[in-house]
Amino acid sequence: MSDFGSVIERYLAIWNETDPVARRAAIGETFSETILYVDPFAAVEGREALDAVIGAAQQQFAGLVFSSGGPVDAHHDQARFTWHLGRPGEEPLVVGFDVAERDADGRIARVLGFIDRAPAH
């Protein structure tokens, strides 16, 4: 699925979108209404709940940016990819790995996220 890379680029851009109106519009275009998002810190369903998770992450990690950690590996309607969170041009503070699944309309219907590396608290 060669176009899945562009879907994941939009996905990461949404995590960086700080304008709430623009972010909600992008979520509506990119995710199914019943999006299921699960990572070690959140398990939510629906676009509104996902928007709240993203907004909370932006507050917690103000000034940090999500970026791609490498190529997207995709087949059928699923993809796996690594992402980084940190200051541009610096070593990422957090490295994660997500698996995303698209629905019949090409929207992301499910994301299962994992944290590979994070600062110790």
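Everything numeric in this text was worked out from a predicted model, so none of it was measured. (Residues numbered from 1 in each chain as written. Predicted model: local features only at pLDDT ≥ 70, side-chain atom pairs only at ≥ 80, totals over all residues. Heavy atoms only, no water.)

Even after reading the chapter, I still don't get the packing of helix α2 (residues 20-30) against helix α3 (residues 47-60), so can you show me in this structure?
To characterise two packed helices, one gives the angle between the axes of the helices and the distance between these axes. Relative orientation of the contacting elements α2 and α3 amounts to 135°, with a least axis distance of 10 Å. As far as their axial angle goes, α3 and α2 are oblique. The way α2 lies across α3 gives a crossing that is right-handed. Contacts from R23, R24, I27 and G28 of α2 reach α3 at R47, D51, I54, G55 and Q58. Its residues assigned to classes, the contact of α2 with α3 comprises 2 nonpolar, 3 polar and 4 charged. (Axes fitted to C-alpha atoms, helices over the stretch in contact; angles between N-to-C directions. Helix = DSSP H or I, 4+ residues; strand = E, 2+ residues; numbered from the N terminus. Parallel < 35°, antiparallel > 145°, perpendicular 65-115°, else oblique. Left-handed = near helix turned anticlockwise from the far one by under 90°. Contact = heavy atoms within 4.5 Å. Nonpolar A, V, L, I, M, F, W, Y, C, P; charged D, E, K, R; others polar.)

So what exactly am I meant to see when it comes to the environment of A56 here?
Relative to the elements of secondary structure, A56 occurs in helix α3. Its relative accessible area of 43% is what places A56 among the partly exposed residues. (Buried < 20%, exposed > 50% of the residue type's maximum accessible area, 1.4 Å probe, protein only.)

Please explain the side chain of D39 as it appears in this structure.
As for its position among the elements, D39 is in strand β1 (residues 31-39). In this structure, D39 is buried with no salt-bridge partner, the nearest side chain bearing the opposite charge being R23 at 14 Å. A distance of 2.7 Å separates the side chain of D39 from the side chain of Y37, its partner in a polar contact. Here F41 takes part through its backbone nitrogen, which lies 2.7 Å from a polar atom of the side chain of D39. (Lys, Arg positive; Asp, Glu negative; His and termini not counted. Salt bridge = Lys/Arg side-chain N within 4 Å of Asp/Glu carboxyl O. Polar contact = N/O pair within 3.5 Å; in protein donor to acceptor, adjacent residues only side chain to side chain.)

In this structure, what is going on with the nonpolar core? I would like to understand it.
Nonpolar side chains in soluble globular proteins tend to be buried together. Y11, W15, F31, Y37, I108 and V111 are the most contacted members of the largest nonpolar core, which totals 27 residues. Top element by residues in this core is helix α1 (residues 4-16). It accounts for 7 residues. Excluding residues within four positions of it along the chain, F31 makes contact with Y11, I14, R47, L50, R107, I108 and V111. (Core = buried A, V, L, I, M, F, W, Y, C linked by side-chain atoms within 4.5 Å.)

Help me understand α2, please; the structure alone is not making it clear to me.
One full turn of an α-helix is made of 3.6 residues, so residues set three or four places apart face in the same direction. All buried positions along α2 are accounted for by R23, I27 and T30. Angular distribution of buried residues about the axis of α2 spans 75°; they occupy a single face of the element. Exposed and oriented more than 90 degrees from the buried face of α2 are V21 and E29. Summarising the contacts, the buried residues of α2 are in contact with α1, β1, α3 and β7 (108-117). (Arc of directions from axis to C-beta.)

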